[in-house]
Amino acid sequence: MAKIKSTGAKALLESLRREGVEIIFGYPGGAVIPLYDEIYHCEFLQHVLVRHEQGGGHMAEGYSHATGKVGVCIGTSGPGATNLVTAICDAMMDSIPMVAITGQVRTEVIGKDAFQEADITGITMPITKHNWLVKDVNDLPRVMHEAFHIARSGRPGPVLVDIPVDVFRAVVEYDPDEVENIEISSFKSDFKVHKVQVKRAAELIAQAKQPVLYVGGGAKAAGAEHLVQALAHKTGFPVTTTLHGLGAFPENDPLSLGMLGMHGTAYANLAVEHSDLLIAIGARFDDRVTGKVSSFAQNAKVIHFDIDPGEINKVRRADVSIVGNCAEALEALLPMVDETQDISEWRAQLDAWRTDMPLEFNDGANDGTLHAEWVIREIARLTDRNVVVTTDVGQHQMWAAQHFGMRSPRQFITSGGLGTMGFGLPAAIGASFGVGPDKDVWCISGDGSFQMCIQELIVATIYKLPVKIAILNNTFLGMVRQWQEMFWQKHYSSVDMERAPDFVKVAEAYGMLGLRCESVDDVEATIRKAMETEGPVLMDFRVVKETNVYPMIPSGQTVGDMIVRKPQQVEEPESTCHYQPRDTRMPVVDEVVDVAR
Amino acid sequence: MATAIAAQTHTITVLVDNRPGVLARVSGLFARRGYNIESLTVSITDNPNMSRMTIVVAGDADTLEQITKQLHKLIDVHKVFDYLDTPMLERELVLLKVQSEPERRAEILQLVEIFRGKVVDIAERAMVIEVTGGGDKIDSFEKQMETFGIRELVRTGRIAMMRGSRTV
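A quick note: this is a predicted structure, and the numbers were derived from the prediction, not measured.

J.: Please give an account of the pairing of strand β2 (residues 23-26) of chain A that cites residues and values.
T.: Across a regular strand the side chains alternate sides, sitting on one face of the sheet and then on the other. Residue and element names in this part refer to chain A. The two faces of β2 match: Ile23 and Phe25 on one face and Ile24 and Gly26 on the other face are all buried. In the sheet, β2 pairs with strand β3 (residues 46-49) via four bridges, with the strands oriented parallel. Among the inter-strand pairings, Phe25 is bridged to a residue of β3, identified as Val48. With helix α2 (residues 33-41) bridging β2 and its parallel neighbour β3, the resulting β-α-β unit is right-handed. Pairing analysis gives two bridges linking β2 to strand β4 (residues 71-75), with the strands arranged parallel. Looking across to β4, one finds that Gly26 is bridged to Ile74.

J.: For the nonpolar core, give the residues involved together with the corresponding values.
T.: Of all hydrophobic cores here, the largest spans 64 residues; its most connected members are Leu278, Ile281, Ile303, Phe305 and Leu333 of chain A. Residue contacts for Leu333 of chain A: discarding those within four places in its chain leaves Val198, Ala201, Ala202, Ile205, Leu231 and Phe305 of chain A.

J.: Tell me about the interface of chain A and chain B, residues and numbers included.
T.: Much of the literature gives interface size as the accessible area that the parts lose upon coming together. Taken residue by residue, the interface counts 20 residues in chain A and 19 residues in chain B. Of all residues in chain A, Met125, His130 and Ser186 of chain A bury the most surface against chain B, accounting for 35% of the area lost on that side. At the boundary of chain A and chain B, one finds three salt bridges. As a salt-bridge pair, Asp62 of chain B and Arg317 of chain A come within 2.4 Å of each other at their nearest N and O atoms. The tally of links from chain A across to chain B stands at nine residue pairs in polar contact (both at pLDDT 80 or more). For the side of chain A that touches chain B, the per-class residue count stands at eight nonpolar, six polar and six charged.

J.: Describe in detail the sheet that holds strand β11 (residues 256-259) of chain A, supporting the description with residues and values.
T.: Strands belonging to one sheet form pairs held by backbone hydrogen bonds; the direction of such a pair is parallel or antiparallel. Residue and element names in this part refer to chain A. The strand order β11-β10-β9-β12-β13-β14 describes an open sheet built from six strands, whose pairing is parallel. What marks the edges here is a single partner per strand, and that holds for β11 and β14 (320-323). On average, each strand axis in the sheet is tilted by 15 degrees relative to the strand beside it, whichever way the strands run. Pairing of strand β13 (residues 301-306) with β14, which is carried by four bridges, proceeds in the parallel orientation. Within the sheet, the bridge partner assigned to His304 lies in β14 and is Ser321.

Analysis parameters
Residues numbered from 1 in each chain as written. Chains lettered and ligands numbered in written order. Predicted model: local features only at pLDDT ≥ 70, side-chain atom pairs only at ≥ 80, totals over all residues. Heavy atoms only, no water. Buried < 20%, exposed > 50% of the residue type's maximum accessible area, 1.4 Å probe, protein only. Helix = DSSP H or I, 4+ residues; strand = E, 2+ residues; numbered from the N terminus. Pairing = 2+ DSSP bridges. Right-handed = clockwise from strand over helix to strand, strands pointing away. Core = buried A, V, L, I, M, F, W, Y, C linked by side-chain atoms within 4.5 Å. Contact = heavy atoms within 4.5 Å. Buried area = accessible area lost by both parts, 1.4 Å probe. Salt bridge = Lys/Arg side-chain N within 4 Å of Asp/Glu carboxyl O. Polar contact = N/O pair within 3.5 Å; in protein donor to acceptor, adjacent residues only side chain to side chain. Nonpolar A, V, L, I, M, F, W, Y, C, P; charged D, E, K, R; others polar. Axes fitted to C-alpha atoms, helices over the stretch in contact; angles between N-to-C directions.

Here you go:
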């Protein structure tokens, strides 16, 4: 194709079109007005006006998570760019392909502390796969394609392109076909699976007596879930998944052990603890999985599949490492494994653990109390699990991971690595744009997390998105409160969220249906009402205030230290909440006001 | 990894794009992952688009492995070479300003001679000496000069190259 003449802004949009981008989440500002002027005239692109750039970033993440495509978000220079930082870091930790586009002040004033100037490439250097400050419009078209290529290739992740306002306006003459053919000699992402290593893996597998498959988000990113399932079914090996691996293996499969780690099932953790072979597929031995590394799966040999060579031997030394796309690797491995391998003794042991230490929950049948776990189980049952689930971060997130029972790979969207409160709502909105209006997206949130990106509610209303928000409201920052209860003598420092807005009224103010559920008897009706209502619905489930997530392996400890259920306490230690010394479990609103005066 | 091998130093050569910000990316990586840099030099190469970094790092074999892998993930990094089991040349240059009272000059000059150094500047009570060599040689020259009184000292940091005809 011949060369064309265009402004930087227009060239940018042309690159988005060629990369197959259909939707972007952004917020305008001085430095990006020229870009927004082009967006105004653009027909192929849907622009979603978010209410805070962080929300836009998380929407791009949710969209990417749900679809596998690259998410795109825009912010202006300075605060617009810095507001994206949390979402970019979140995408980095969870390997989500994302292109963040930021405006920058005019090239001639860069470095002069101009109005709304921030060195965003400097700021995001450690939290992007790569970033660019494009000072010359001639570089812009090529850089845009490089950005998409790097974001989606190899281990996916975020990139950022910072563009000064004058570069958007400058004219570039370029060949749009030519710039698409990028070659970055220093960027290697297509690691070929090493056949010898696969063979060695097959040998270890053949010798294993007590094997466990440990499956992470990488298996989903590679689209290898059916191969994981094939491997498990052929060998009969049990499967445990990480938080991000949830859905890669259906949890109703008898081989599923559920999630492992700090709040994993007791039987998954015991299985790993006693295993003689741990087959890690796209998982990175995160500290929430391993606890104390030196005690983690001490007697196990490790086979590690990962597309990122940097993950091999980072935390745990692998006996066999297979770098590359794990779908490719598993395909090579499958014919080499034997379906007649006898691990019946091991399976019997696992079944015994499963029977002895099942995942516990309270359905309120005996005492009429409303528990968060029960609400999650009811959502799963009533929606037939045929929905996408996003969560925020904290107790509700762990309960969702434990109790929802994921079935399919792109079903569960959560902030795992960074643990970003405020992720759930915008991620649900982004996911909903991705999966379309025919599939409900449930945002399981907490009363703390939900308030962190609450402003994005209006986006759900405007686009009539089928986003169903279930706030599991225990009037506490529950996970911190749990740690304070368990390890800090109940010093409930700054975790009381009793004084909160009326979430039903908030929903109404934002133009959506708000429902409150205070009794275990109303759970089903509330969920059904939400399902029947078109568009977004917000539910405020007033759940039991002080319950803990179990099982729990305290941070940095071992399976031997696992607390399976709440210990029977003989005596409740006196609480020492600093502003309300008498009774911290049931704070009285008026008293809080008095103290404030 | 928590294996308890005594920390050693390793020399690595990193070929990077000659672009603004690359040094920050590399040094930032070392800082945030907690790798210790003992010395770092950057210079141009025969290819004007490339710079060559020589980094001396402290750490065990596992750390070195991680450093190498993490460096490879930086888009600006073309090549990382760690000289493990490879015969190599290492050089460093020092400029050392030493207190030189007229009556002790001869003694200093003798030592400069032994270390095959050069006197590059001289004043009434000080002289500047240039010495090149491996790190150990420079350390021991420094030690010799301490008795006279070192007034100022600057070392370039290590540079390295493979012996033989192979190249990085």
